[in-house]
Amino acid sequence: MDLRLRRTEIPIGTPLPDDYCVMMGERAIGRIMKVQRAGGAVAWFWTFSIFPNSAADRGDADTLGEAKAAFRARVEAVGPFDPVTVRRTNT
């Protein structure tokens, strides 16, 4: 499975620091970004944009590497999905 990160850009085309779209081919299927939580804690938040979704399709990690690994593990656990519509397929 070919997943890659692309920097997220705001509408004027400026890349955001520590904010990435997770790409499968030319389609964004999720996002990984550094966030500040209550109390000042920093985490890497990841979310898989599958439909229908569940709480298991997102989470926090301590490092970017851990967030990437958690994202990939979730995509693999979901099983078949249409990468164009990012909808689960009936198997």
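The structure under discussion appears in the preceding block.
Residues numbered from 1 in each chain as written. Predicted model: local features only at pLDDT ≥ 70, side-chain atom pairs only at ≥ 80, totals over all residues. Heavy atoms only, no water.

Remarks on the nonpolar core
Definition in use: We call a set of buried Ala, Val, Leu, Ile, Met, Phe, Trp, Tyr and Cys residues a nonpolar core when their side-chain atoms join them within 4.5 Å. Summary of the burial criterion: residues with accessible area below 20% of their type's maximum are buried, those above 50% are exposed, and those between are partly exposed, where the area comes from a 1.4 Å probe applied to protein chains only. A helix here means a DSSP run of H or I that spans at least four residues, while a strand means a run of E at least two residues long, and both kinds are numbered starting from the N terminus. Residues are treated as being in contact if the distance between any of their heavy atoms lies within 4.5 Å.
Judged by nonpolar contacts, the single largest core of 17 residues is most densely connected at I29, I32, F48, F71 and F81. Broken down by secondary-structure element, the contributors of at least two residues to this core are strand 2 (15-24), strand 3 (27-36), strand 4 (42-48) and helix 1 (64-78). Counting residues per element, this core draws most heavily on helix 1, at 4 residues. In contact with F71, not counting residues within four places along its chain, are L3, V22, I29, G30, R31, I32, W46, T47 and F48.

Considering the sheet that holds strand 2
The cut-off we apply is this: A pair of strands is treated as paired once DSSP finds two or more bridges between them. Here an axis means a line fitted to C-alpha atoms, over the contact stretch when the element is a helix, while the angle between two N-to-C directions is reported on a 0 to 180 degree scale.
The strand order across the open sheet built from 5 strands is 1-2-3-4-5, with neighbouring strands paired in antiparallel fashion. The open sheet has two edge strands, strand 1 (3-9) and strand 5 (58-61), and neither has a second partner. Pairwise comparison of adjacent strand axes, ignoring direction, gives a mean angle of 30° for this sheet. Here strand 2 pairs with strand 3 via 6 bridges, running antiparallel.

With respect to the packing of aromatic side chains
The condition that has to hold: Aromatic pairing here means that ring centres of Phe, Tyr or Trp (its six-membered ring) are within 6.5 Å. Orientation follows from the plane angle: under 30 degrees is stacked, over 60 is edge-to-face, and everything else is tilted.
Per the counting criterion, the structure on display carries 3 aromatic pairs. Look at W46 and F71: their rings are 6.2 Å apart centre to centre, the planes differ by 80°, and that puts the pair in the edge-to-face class. Of this pair, W46 sits in strand 4 while F71 sits in helix 1, and the two are 25 residues apart along the sequence. Both residues of the pair, W46 and F71, count as buried. With a centroid separation of 5.6 Å and an interplanar angle of 70°, the aromatic rings of F48 and F71 are classed as edge-to-face. With F48 in strand 4 and F71 in helix 1, the pair connects residues that are 23 residues apart, well separated along the chain.

Note that all results are geometric; they support no functional claim without further evidence.
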